[in-house]
Amino acid sequence: MAGFDFASVREIHHFFHPHILELTICRGREANENYCRGCMKPIGEGLAYHCQPCNFLLHVTCSQIPQQITDHPACSHVLCLQPQPWNYAPSACRCNACWQPITQRFSFHCSICRLDLHPSCANLPMEFKHPHDHQRHKLFLFFIPPYQNRLFTCNICHGVGGSWHYHCSECNYDSHVNCTQIPSIRESLLNEASEAVSRAYVNNGGGHMGGYMSTRSGPGHMERGFWE
Ligand SMILES: [Zn+2]
Ligand SMILES: [Zn+2]
Ligand SMILES: [Zn+2]
Ligand SMILES: [Zn+2]
Ligand SMILES: [Zn+2]
Ligand SMILES: [Zn+2]
């Protein structure tokens with residue numbers, strides 16, 4: 001795998017931290033009591049990037065979230081990754097896609113569109129065929145509900161929403177982003193990247209990984225298998 005020689009993954013410089021981050025293996029209590037600054041979930045057992053003096057930790061996958069997205073269909077500008085929500089009281093910032101709060105974690109922001117997105121929500125597929133909830137037609141990601149009152153009723157939880165959602169215009173089927181089981185189209189690519197980091201670590205005498213196989217298995221981490 002090109003680009004994954006050990007030297008290049010053992011130490012990284014991340015744009016949100018002034019010091020070098022070192023690849024380390026987290027175990028036991030330390031793994032469950034420390035949080036990733038990217039997703040604010042427990043770091044979990046396994047490899048992570050660490051700055052020891054600051055106790056700054058990042059999941060390997062969270063370290064790979066790009067600094068900018070330039071081609072998102074919801075924004076004709078540049079979506080920039082922020083270390084924490086932009087310009088709001090921390091409790092007031094919600095993700096435009098899933099309408100869940102974004103507190104003290106990485107998020108994408110465009111000030112012109114007033115758009116804030118969890119990294120995973122910035123990566124939702126624009127269309128896909130649902131394996132069981134709606135098999136007849138493709139579902140399309142809508143940024144604004146296509147109804148006069150700009151609201152939709154979710155076919156899964158029956159709640160009303162005004163955020164991004166998946167829609168089928170033939171059936172007037174709607175579902176919240178978080179109620180929809182979304183196949184993660186780029187999941188395998190990123191997991192490959194994480195696994196390559198793990199392999200490089202083991203091959204270079206970094207120690208046994210024990211039962212630990214990849215950076216995905218941390219508790220509560222990667223609900224959608226990607227950039228959470
Ligand atoms: Zn993380
Ligand atoms: Zn530091
Ligand atoms: Zn924009
Ligand atoms: Zn979201
Ligand atoms: Zn719902
Ligand atoms: Zn349909």
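Criteria and cut-off values
Residues numbered from 1 in each chain as written. Chains lettered and ligands numbered in written order. Predicted model: local features only at pLDDT ≥ 70, side-chain atom pairs only at ≥ 80, totals over all residues. Heavy atoms only, no water. Donors = N, O, S within 2.8 Å, 3.2 Å for Na, K, Ca; no water. Tetrahedral: all angles 85-135°; square planar, octahedral: opposite > 155°, others 65-115°. Helix = DSSP H or I, 4+ residues; strand = E, 2+ residues; numbered from the N terminus. Salt bridge = Lys/Arg side-chain N within 4 Å of Asp/Glu carboxyl O. Buried < 20%, exposed > 50% of the residue type's maximum accessible area, 1.4 Å probe, protein only. Contact = heavy atoms within 4.5 Å. Pairing = 2+ DSSP bridges. Polar contact = N/O pair within 3.5 Å; in protein donor to acceptor, adjacent residues only side chain to side chain.

A.B. asks: Explain the coordination of the zinc ion (ligand 2) residue by residue, including any values.
C.D. replies: Within the first shell, the zinc ion (ligand 2) binds the protein through His17 (NE2), His19 (ND1), Cys51 (SG) and Cys54 (SG), at distances of 2.0 to 2.3 Å. Coordination geometry of the zinc ion (ligand 2): the four donor atoms subtend angles of 103 to 113° at the metal centre, consistent with an arrangement described as tetrahedral. Mapping the donors of the zinc ion (ligand 2) onto the primary sequence yields the spacing H-x1-H-x31-C-x2-C. Of this pair, His19 sits in the loop between β1 (11–13) and β2 (20–26) while Cys54 sits in the loop between β3 (46–51) and β4 (56–59), and the two are 35 residues apart along the sequence.

A.B. asks: Give me the lowdown on the pattern of salt bridges, citing residues and values where you can.
C.D. replies: Between side chains of opposite charge, a pair can form as their charged atoms come close. Under the definition given, this model contains two salt bridges. Of the charged contacts, one joins Glu33 and Arg29 as a salt bridge, the two residues approaching to 3.1 Å between their closest N and O atoms. Here the residue Glu33 and the residue Arg29 both occupy positions in helix α2 (residues 28–33), the gap between them amounting to four residues, near one helical turn. A relative accessible area of 64% means that Arg29 is categorised as exposed. The partner of Glu127 in a salt bridge is Lys138, and the shortest N-O contact between them spans 2.6 Å. You can see Glu127 sitting in strand β9 (residues 127–128) and its partner Lys138 sitting in the loop between β9 and β10 (139–142), a full 11 residues away along the chain.

A.B. asks: Can you break down the environment of Phe106 residue by residue, with the values?
C.D. replies: Positionally, Phe106 belongs in the loop between β6 (79–82) and β7 (107–110). Judged by relative accessible area, which is 1%, Phe106 ranks as buried. For the pair Phe106 and Leu117, spaced 11 residues apart in sequence, the C-alpha separation works out to 9.0 Å. When near neighbours in sequence (up to four residues on either side) are disregarded, Phe106 contacts His14, Phe16, Arg37, Gly38, Leu58, Cys62, Ile65, Leu81, Gln82, Pro83 and Pro119.

A.B. asks: So what's going on with the side chain of His130? Residues and values would help.
C.D. replies: Within the secondary structure, His130 is located in the loop between β9 and β10. Setting aside its immediate chain neighbours within four residues, His130 contacts Gln135, Leu139, Thr180 and Gln181.

A.B. asks: Please provide a residue-by-residue account of the coordination of the zinc ion (ligand 3), values included.
C.D. replies: On the protein side, the zinc ion (ligand 3) has Cys75 (SG), His77 (ND1), Cys110 (SG) and Cys113 (SG) as donor atoms, found 2.1 to 2.4 Å from it. Between consecutive donors of the zinc ion (ligand 3), the numbers of intervening residues give the motif C-x1-H-x32-C-x2-C. Of the two residues, His77 sits in the loop between β5 (68–69) and β6 while Cys110 sits in strand β7, which places them 33 residues apart along the sequence.

A.B. asks: I'd like a rundown of the sheet that holds β6, residues and numbers included.
C.D. replies: Strand pairing in a sheet relies on backbone hydrogen bonds. The paired strands run either parallel or antiparallel. Judged by pairing direction, the sheet is antiparallel, and its four strands sit side by side in the order β5-β6-β7-β8 without closing on themselves. In this open sheet, the two strands that pair with only one neighbour each are β5 and β8 (115–117). Pairing between β5 and β6: two bridges, direction antiparallel. Bridging from a neighbouring strand, Gln68 pairs with Cys80 of β6.

A.B. asks: Could you give me a rundown of the sheet that holds β9, with the residues and numbers involved?
C.D. replies: The strand order across the open sheet formed by four strands is β9-β10-β13-β14, and the pairing between neighbours is antiparallel. Looking at strand neighbours, the two that pair on one side only are β9 and β14 (173–176), the edges of this open sheet. In terms of strand pairing, β10 meets strand β13 (residues 165–168) through three bridges, oriented antiparallel. Bridged to Phe142 within β13 is His165.

A.B. asks: Please give an account of unusual backbone geometry that cites residues and values.
C.D. replies: For Asn55, which is not glycine, the phi dihedral falls at a positive 50°. Topologically, Asn55 is positioned in the loop between β3 and β4. One non-glycine residue, Arg150, lies in the positive phi region at around 60°. Tracing the backbone through its elements, the reader meets Arg150 in the loop between β10 and β11 (152–153). Arg150 sits in the exposed class, given a relative accessible area of 53%.

A.B. asks: Requested: an account of the environment of Asp116, with residues and values cited.
C.D. replies: On the secondary structure map, Asp116 appears in strand β8. Taking the relative accessible area as the measure of exposure, Asp116 reaches 2% and is therefore buried. Distance from Asp116 to Gln82, taken between C-alpha atoms, is 9.6 Å for residues 34 residues apart in sequence. Within the structure, the side chain of Asp116 is placed 2.8 Å from the side chain of His109, a separation counted as a polar contact.

Nothing here speaks to function; it is all geometry.
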